[in-house]
Amino acid sequence: MNDIHPLTQAIVDGRRKDVPDLIQKCLAAGESASTIVETRLVPGMSIVGEKFKLNEIFVPEMLIAARAMKEAMKILEPMLAAAGVTPEHKAVIGTVEGDLHDIGKNLVAMMWKGANMEVIDLGVNVPAAKFVEAVQQHNPKLVGLSALLTTTMPAMRDTVKAIRAAGLKVRVLIGGAPITREYAQEIGADGFASDAGSAVDEAMLLLQAKA
Ligand code: B1M
């Protein structure tokens, strides 16, 4: 059985060039920009996340799908803004101090955007104080920390410590190749995700959990 909407399928397949036409068809059929995001695009990125988790697709396919999603959002964002629709949640993300790896972190950021979150990306080599500053400035409910090196795992611990010491009411989700759920517990993070697909599920769990 295949009842996937053509626009959802175009996102899953990463067919960026087909996206504008398919969006116009949805709009012509009377769908609002927010309906298109919620019922056509976000489900597409969820399928991509699932396939990635199951090793049915890999990083290149995921990046291509995320590019198609970006193309769709480029068209729809002005309409959403005009209609006063804002993303449901806000998150800050970055790779911790001393670490320059950003491919995985970028994938997580893209998947979060695909799940209708506003994502403030601080980039790489981000000191703990900069995370604290960003949380104070943007007031997100979620902070994502990425680390790819065993040598930068302590910077992750320092960042969680600094966020807690500043008394900020924010959930911290961590990930990266050397990171485990046990390590997340050890350093007082609220959650852990092993890949970009799980990072969406885990973020939603944390965002819905009561303080
Ligand atoms: Co680096 N590097 N690297 N490197 N590099 C690794 C990580 C390494 C395992 C290679 C190896 O030795 N086998 C090794 C680390 C060893 C260790 O610490 N145990 C290593 C090393 C040693 C280094 C240098 C020290 C090398 C040197 O200079 N001597 C140096 C360090 C620089 C620094 O950061 N200060 C270095 C540099 C680099 C490049 C700059 C050349 C480049 C990075 C380019 C970039 O990111 N823009 C690079 C790369 C590409 C790699 C490998 C080959 C690939 C990493 C990658 O992008 N994977 C890597 C070896 C490997 O992993 N096979 C390696 C694909 C990406 C999609 O996966 O990032 O794991 P990943 O992200 C996943 C999950 O981990 C998770 O979701 C993602 C998607 O599924 N995830 C999160 C990640 N962040 C998350 C956050 C979350 C949730 C999930 O919540 C917020």
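Residues numbered from 1 in each chain as written. Predicted model: local features only at pLDDT ≥ 70, side-chain atom pairs only at ≥ 80, totals over all residues. Heavy atoms only, no water.

Asks: Would you mind going over the side chain of Lys 105 with me for this structure?
Replies: Tracing the chain through its elements places Lys 105 in helix α5 (residues 103-114). Given the relative accessible area of 3%, Lys 105 is considered buried. Excluding residues within four positions of it along the chain, Lys 105 makes contact with Ile 93, Gly 94, Thr 95, Asp 121, Gly 123 and Ser 146. (Helix = DSSP H or I, 4+ residues; strand = E, 2+ residues; numbered from the N terminus. Buried < 20%, exposed > 50% of the residue type's maximum accessible area, 1.4 Å probe, protein only. Contact = heavy atoms within 4.5 Å.)

Asks: How do you make sense of the site of the ligand when you look at a structure like this?
Replies: Around the ligand lies a shell of 26 residues, among which Leu 100, His 101, Asp 102, Ser 146 and Thr 150 are the nearest. His 101 has a polar side-chain atom sitting 2.7 Å from a nitrogen atom of the ligand. The side chain of Ser 146 places a nitrogen or oxygen atom 2.7 Å from a nitrogen atom of the ligand. Taken together, the elements giving at least two residues each to the shell around the ligand come down to α5, β3 (142-146) and β4 (171-175). The leading source of residues in the shell around the ligand is α5, at four residues. The residue inventory of the shell around the ligand, partitioned by class, reads 14 nonpolar, nine polar and three charged. (Near = heavy atom within 4 Å. Polar contact = N/O pair within 3.5 Å; in protein donor to acceptor, adjacent residues only side chain to side chain. Nonpolar A, V, L, I, M, F, W, Y, C, P; charged D, E, K, R; others polar.)

Asks: Explain the layout of surface pockets to me, please; I cannot follow it from the model alone.
Replies: Rolled over the atoms, a probe sized like a water molecule indicates the empty space that remains. For the largest pocket, the calculated volume is near 540 Å³. Contributions of two or more residues to the lining of the largest pocket are made by α3 (33-53), α4 (59-82), α5 and β2 (117-121). Inspection of the lining of the largest pocket shows a minimum of three residues originating in each of domain 1 (6-82) and domain 2 (89-208). Computed from the structure, the second largest pocket encloses a volume of approximately 450 Å³. What lines the second largest pocket is a set of 27 residues, and nearest its centre among them are Gly 104, Val 108, Gly 175, Gly 176 and Ser 194. (1 Å grid on protein atoms, 1.4 Å probe; cavity = no way out; pocket = protein on both sides within 12 Å on 5 of 7 lines; lining within 4 Å. Points joined across faces, edges and corners; volume = space filled by probe spheres on them. Domains from an automatic or database assignment.)

Asks: Can you walk me through the domain arrangement of the chain in this structure?
Replies: Interface size is often expressed as the accessible area that is lost when the parts come together. Partitioning the chain into domains gives domain 1 (6-82) and domain 2 (89-208). The interface of domain 1 with domain 2 comprises eleven residues on the first partner and twelve residues on the second. Counting the surface lost from both domain 1 and domain 2, the interface buries some 1000 Å², and carbon and sulfur atoms represent 78% of this. Together, Met 45, Lys 53 and Met 62 form the three largest contributors to the area buried by domain 1 at its contact with domain 2, with a combined 40%. Taken together, the links from domain 1 to domain 2 amount to one salt bridge. At the boundary of domain 1 with domain 2, the tally comes to one residue pair in polar contact (both at pLDDT 80 or more). Contributing elements (two or more residues each) for the side of domain 1 that touches domain 2: α3 and α4. Broken down by element, the residue count for the side of domain 1 that touches domain 2 peaks at six residues, all from α3. Across the side of domain 1 that touches domain 2, the residue classes break down as eight nonpolar, one polar and two charged. (Buried area = accessible area lost by both parts, 1.4 Å probe. Salt bridge = Lys/Arg side-chain N within 4 Å of Asp/Glu carboxyl O.)

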